[in-house]
Amino acid sequence: MVAVAAVAVLAALLTGCRGPAGAPAGDARPAPGRPAGRDAPFLAVGACSSFGTASSTEVPCAGERAAARVVARHDGAVTGGPPCPPTTDFVLRISAQRPAHDPGDEDGDGAIPQGYACMRNLEPPHPGDPGAGGGPRTIPGDCLYDSGRGRVRETACDGSGRRAPRYRITEATTSRRACPASTVLYVRLGGDRPVGCARRAG
């Protein structure tokens, strides 16, 4: 029987929506003249954004500029916030904004709080899919490579990335003891099954 390697976690890969270096995360701002408030929340679940992850605006999902759909939306900072769904393709950070003072807006409905939107591309590619080599979350099916200094990062399992895969996460468990005997690396995933069990790729 192959003993489980007593290997320390090489990288604190993904906790919540914080992804590996290079994971797409941009900023979203409402378009000029866009109504805001409780009746029209900015980038609510099901809404769509324009192309680009560096700077995006909300657009009609049926329009030609629509590129991605909001699959989850949270207030507050990405760091330490609730995790995005596993197959999220990228995250849009939403800066807090307050409209010019309007004496008639006593309850502050026009304000947009700080938050983030978890996005899924309307069409392929989907970097957040298992093994695709991207996205803000690391999940079972993803592959990893050694990036130096005791760290690992995500790469495409099919070898199409810049770095060849060395490990593959086979499952997520509640503890290291629950990992199979073929495990050679433990990866911190966060969530209710925070331990990723990884074996050699190939």
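Residues numbered from 1 in each chain as written. Predicted model: local features only at pLDDT ≥ 70, side-chain atom pairs only at ≥ 80, totals over all residues. Heavy atoms only, no water.

## Notes on the overall build of the chain
A count of helical and extended segments in the chain gives zero helices and 12 strands. Each helix and strand of the chain, placed in order from N terminus to C terminus, yields the pattern β-β-β-β-β-β-β-β-β-β-β-β. Going through the 202 residues of the chain one by one, you find that 37% of them count as buried. Residue pairs in contact within the chain that sit at least 24 positions apart in sequence constitute 58% of those at least 6 positions apart. (Helix = DSSP H or I, 4+ residues; strand = E, 2+ residues; numbered from the N terminus. Buried < 20%, exposed > 50% of the residue type's maximum accessible area, 1.4 Å probe, protein only. Contact = heavy atoms within 4.5 Å.)

## Regarding the environment of Pro-127
Inspection of the secondary structure puts Pro-127 in the loop between strand E7 (115-121) and strand E8 (143-148). Sequence separation of Pro-127 and Phe-90 is 37 residues, and the distance between their C-alpha atoms is 8.2 Å. The contact partners of Pro-127, leaving out residues within four places of it in the chain, are Asp-89, Asn-121, Ala-132, Gly-133, Gly-134 and Gly-135.

## A short note on the pairing of strand E12 (residues 195-200)
Looking at chain direction, strand E10 (residues 167-173) and E12 are connected through six bridges and run antiparallel. Each bridged residue has a counterpart across the sheet, and for Tyr-167 the counterpart in E12 is Arg-200. Both strand E11 (residues 185-188) and E12 contribute to a ladder of four bridges, which runs antiparallel. Within E12, the residue paired with Arg-188 across the bridge is Val-195. Here E11 folds back onto E12, and the loop between the two strands holds six residues, one of which, Gly-190, carries a positive phi near 80°. (Pairing = 2+ DSSP bridges.)

## Quick word on the side chain of Thr-173
Topologically, Thr-173 is positioned in strand E10. Polar contacts involving the side chain of Thr-173 include one to the main-chain carbonyl oxygen of Ser-175, which spans 2.8 Å. (Polar contact = N/O pair within 3.5 Å; in protein donor to acceptor, adjacent residues only side chain to side chain.)

## Observations concerning the nonpolar core
Counting 12 residues, the largest nonpolar core is built from Ala-28, Phe-42, Leu-43, Ala-47, Ala-68, Val-70, Phe-90, Leu-92, Ile-94, Ile-112, Ala-117 and Met-119. The residues touching Ala-117, leaving out its near neighbours within four places in the chain, are Leu-43, Val-70, Ala-72, Arg-73, Phe-90, Val-91, Leu-92 and Ile-94. Ranked by size, the runner-up nonpolar core spans nine residues in total, among them Leu-144, Ala-172, Leu-185 and Leu-189. (Core = buried A, V, L, I, M, F, W, Y, C linked by side-chain atoms within 4.5 Å.)

## Some thoughts on the state of the cysteines
In this structure the tally under the stated criterion is four disulfides. Between the sulfur atoms of Cys-48 and its disulfide mate Cys-61 the distance is 2.0 Å. The chirality of the disulfide connecting Cys-48 with Cys-61 is right-handed, given an S-S dihedral of about 100°. Of this pair, Cys-48 sits in strand E2 (residues 48-50) while Cys-61 sits in the loop between strand E4 (58-59) and strand E5 (66-75), and the two are 13 residues apart along the sequence. Owing to a relative accessible area of 30%, Cys-61 belongs among the partly exposed residues under this scheme. (Disulfide = S-S within 2.5 Å.)

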